[in-house]
Amino acid sequence: MAGIRQIGEDELEPFVAVIQAVFPREDATADGFVDWRRQAEDMAWFLGDDAAALVLTGWHTPPGHAIGAVAVLPERRGRGSGDELLAAIESWARDRRSTQLEGGIAEDDETSIAWATARGFAEVGRNSRMVLDLTAIDAPAVTPPPGIEIVAWADRPGLDRGLWEVAREAGPDIPGEEDTDAGPFEEWLDRDMRGIGDDPAAVFVALEGGEVLGYAKLAFNPENAERAYHDLTGVRRAHRGRGIAAALKATQIAWAKEHGYGSLQTSNEVRNEPIRHLNAKHGYRLEPGNAIFRRPIG
């Protein structure tokens, strides 16, 4: 594997340059990769003269599943770098007892989908990208259901365990995420709520009589002040269908518009009809998303 090597943080600049060129919609940054590695159980980065790859374990995945990505500059493809990088990340994942490798490919990138399919990867899910142009709409009215109060987590910091309970219920109910687990409380809090793109002022909580029934979280890219990103929106199973998610969504849109963001972006599994319908109702428009591919590596 001449030219392919595992790198540290000191070489992330050329690594990110390749990732940005191949995945321009993903807003990749060096700080983001460092924070992602902090959140994961383990993570590695590989770099070549014309290509880069990443692989990680223990980040919103069931045991035995690794997440990976291979990026080769379009003008340098067909020279074997992709296969070398794939072999490198699979070897790394197997050393950590992973038996499955999965990753996302832009659904309009037919060349990369064909490359992955030819190597035994099969599609197991598809995430739509939906974007709301905040400059083209008025802020929606926020009308919580009777008895429901919506507050910012920053104003009620003692609600963190209630948020965790919502995440434990809501996460596995997302199509394609059935085998995931929020994990222990402190691990979840550090991994999912304390990243460089997280802000307690942009986590909105639905309360009834002081009990947390649901929450909706926005995330941010420090290098892109124009767009904010939807993270988890979840409601306890026993309280779904009351309009709580709709009120939380309206709160997020109004907050983002008030704070000067030009757009909101979300990613929805194509089988997640309720949230897709809710987003479409608010004016979100489809952009090319990601197809998720997986193959055994044991």
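This text goes with the structure placed above it.
Everything numeric in this text was worked out from a predicted model, so none of it was measured.

Caption draft 1: The arrangement of the pairing of strand β4 (residues 65-72) in detail. Of all eight residues in β4, seven are buried; the element is thus mostly enclosed. Strand direction decides the pairing type here: strand β3 (residues 51-57) and β4, joined by seven bridges, are antiparallel. Opposite Leu54, over in β4, you have Ala69 as the bridge partner. In terms of strand pairing, β4 meets strand β5 (residues 100-106) through three bridges, oriented parallel. If you follow Ile67 over to β5, its bridge partner there is Glu102. Read from β4 through helix α3 (residues 81-95) to β5, the crossover connection turns out right-handed.

Caption draft 2: Looking closely at the pairing of strand β2 (residues 42-47). Burial analysis of β2 places five of its six residues in the buried class, which makes it a mostly covered element. Inspection of the sheet shows strand β1 (residues 5-7) paired to β2 by three bridges, in the antiparallel sense. Paired with Gln6 across the bridge in β2 is Phe46. Sheet analysis places β2 next to β3, joined by six bridges and oriented antiparallel.

Caption draft 3: Up close: helix α1 (residues 12-22). Among all positions of α1, only Leu12, Phe15, Val16, Val18, Ile19 and Val22 are buried. Projected down its long axis, α1 carries its buried residues within an arc of 160 degrees, all on one side. Close packing links the buried residues of α1 with β1, α2 (30-39), β2, β3 and β4.

Caption draft 4: Region of the structure containing the packing of aromatic side chains. Following the criterion strictly, the structure yields ten aromatic pairs and no others. Their ring planes at 50 degrees and their centres at 6.4 Å tell us that Phe15 and Trp45 sit as a pair that is tilted. Here Phe15, found in helix α1, pairs with Trp45, found in strand β2; they are 30 residues apart in sequence, far enough to count as distant. Judged on exposure class, the residue Phe15 and its partner Trp45 are both buried. Taking 5.3 Å as the distance between ring centres and 70 degrees as the angle between the ring planes, the aromatic pair formed by Trp36 and Trp59 counts as edge-to-face. With Trp36 in helix α2 and Trp59 in the loop between β3 and β4, this pair connects stretches of sequence that are 23 residues apart. Judged by relative accessible area, which is 21%, Trp36 ranks as partly exposed.

Reading guide: rules and limits
Residues numbered from 1 in each chain as written. Predicted model: local features only at pLDDT ≥ 70, side-chain atom pairs only at ≥ 80, totals over all residues. Heavy atoms only, no water. Buried < 20%, exposed > 50% of the residue type's maximum accessible area, 1.4 Å probe, protein only. Helix = DSSP H or I, 4+ residues; strand = E, 2+ residues; numbered from the N terminus. Pairing = 2+ DSSP bridges. Right-handed = clockwise from strand over helix to strand, strands pointing away. Arc of directions from axis to C-beta. Contact = heavy atoms within 4.5 Å. Phe/Tyr/Trp six-rings, centres within 6.5 Å; stacked < 30°, edge-to-face > 60°.

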